[in-house]
Amino acid sequence: MLHIRKAAMTDFERITEIYRHAREFMIQTGNPHQWGRIYPTHEMIIDDIKSERSRVIFDDFGIHGVFALFYGEDPTYSYIEGGGWLNDDVYVTIHRIASDV
C-alpha cells in the first residue's frame, strides 16, 4: 500500500534520484525541454523540504514518488490565457511530480 508524508532532509538523496530518473524519462520520450537536465534544482528541492511543501509517496520498500504541494495563490496561475478562475476560493496546486517507474 502506498502512503504520502511530508519529506524530510534525510529523503533528499532519494528525491534527487527520482527527479533524475524522471528527467531522463522525459528526455528519452520526446519531452526534452520541460525540465531539461537540471530542473528542479537542488536548491528548489531543499527549499520545498524546508518549507514543508515536499511530499513523498512511499511503501514498505521505500520512496517511489515525490511532488510539491502549494497552498493558496500560485503565481504560475496569476494569468490564465483565454479564461480565469470561477471564484476566489483558496486552492492547492501540485508541481514537480515524479516517480521512479
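Our subject is the structure that appears above.
These figures come from a predicted structure and were not determined experimentally.

Undergrad: Just to check I follow, could you spell out the nonpolar core for this structure?
TA: Buried together is how nonpolar side chains tend to be arranged in soluble globular proteins. Formed by 14 residues in total, the largest nonpolar core has its most connected members in I15, Y19, V66 and A98. If you list the elements that add at least two residues to this core, you get α1 (12–28), α2 (42–50) and β3 (62–71). Other than its neighbours up to four places away in sequence, I15 contacts A7, I45, I49, S54, V56 and V66.

Undergrad: In this structure, what is going on with α2? I would like to understand it.
TA: Think of an α-helix as 3.6 residues a turn; residues three or four steps apart then line up on the same face. Taken as a whole, α2 has its buried residues at I45, D48 and I49. End-on, the buried residues of α2 take up no more than an arc of 100 degrees, which puts them together on one face. Of the residues in α2, the exposed ones pointing more than 90 degrees away from the buried face are E43 and K50. Where α2 is buried, its residues contact α1, β2 (54–59), β3 and β4 (92–99). Where α2 terminates, the next one or two residues include E52, which has phi positive at roughly 60 degrees.

Undergrad: Sorry if this is basic, but what is going on with the sheet that holds strand β1 (residues 3–6) here?
TA: Hydrogen bonding along the main chain pairs the strands of a sheet, whether they run parallel or antiparallel. The strand order β1-β2-β3-β4 describes an open sheet built from 4 strands, whose pairing is antiparallel. Of all strands in the sheet, those bounded by a partner on one side alone are β1 and β4. Going across the sheet, the axis of each strand differs from the next one's by a mean of 30 degrees, ignoring polarity. In terms of strand pairing, β1 meets β2 through 4 bridges, oriented antiparallel. What sits directly across from R5, in β2, is V56. Across the sheet, α1 lies against β2, β3 and β4, angled at about 90 degrees from β3, the strand it touches most.

Undergrad: Whenever I open this one, the side chain of H95 confuses me. Can you help?
TA: Among the structural elements, H95 can be located in strand β4. Filtering out sequence-adjacent residues up to four positions away, H95 remains in contact with F67, A68, F70, D74, T76 and Y77.

Undergrad: It is not clear to me how the packing of α1 against α2 should be interpreted in this structure. Could you clarify?
TA: How two helices sit against one another is set out by the angle between their axes and by the gap between those axes. Running from N to C, α1 and α2 cross one another at 130 degrees; their axes reach a closest spacing of 11 Å. Taken together, α1 and α2 sit at an angle that is classed as oblique. The interaxial crossing formed by α1 with α2 has right-handed handedness. Contact residues: F12, I15, T16 and Y19 in α1; H42, I45, I46 and I49 in α2. Looking at the contact of α1 with α2, its residues break down into 6 nonpolar, 2 polar and no charged.

So, how was this worked out
Residues numbered from 1 in each chain as written. Predicted model: local features only at pLDDT ≥ 70, side-chain atom pairs only at ≥ 80, totals over all residues. Heavy atoms only, no water. Core = buried A, V, L, I, M, F, W, Y, C linked by side-chain atoms within 4.5 Å. Buried < 20%, exposed > 50% of the residue type's maximum accessible area, 1.4 Å probe, protein only. Helix = DSSP H or I, 4+ residues; strand = E, 2+ residues; numbered from the N terminus. Contact = heavy atoms within 4.5 Å. Arc of directions from axis to C-beta. Pairing = 2+ DSSP bridges. Axes fitted to C-alpha atoms, helices over the stretch in contact; angles between N-to-C directions. Parallel < 35°, antiparallel > 145°, perpendicular 65-115°, else oblique. Left-handed = near helix turned anticlockwise from the far one by under 90°. Nonpolar A, V, L, I, M, F, W, Y, C, P; charged D, E, K, R; others polar.

Function cannot be inferred from these measures alone, as they are strictly geometric.
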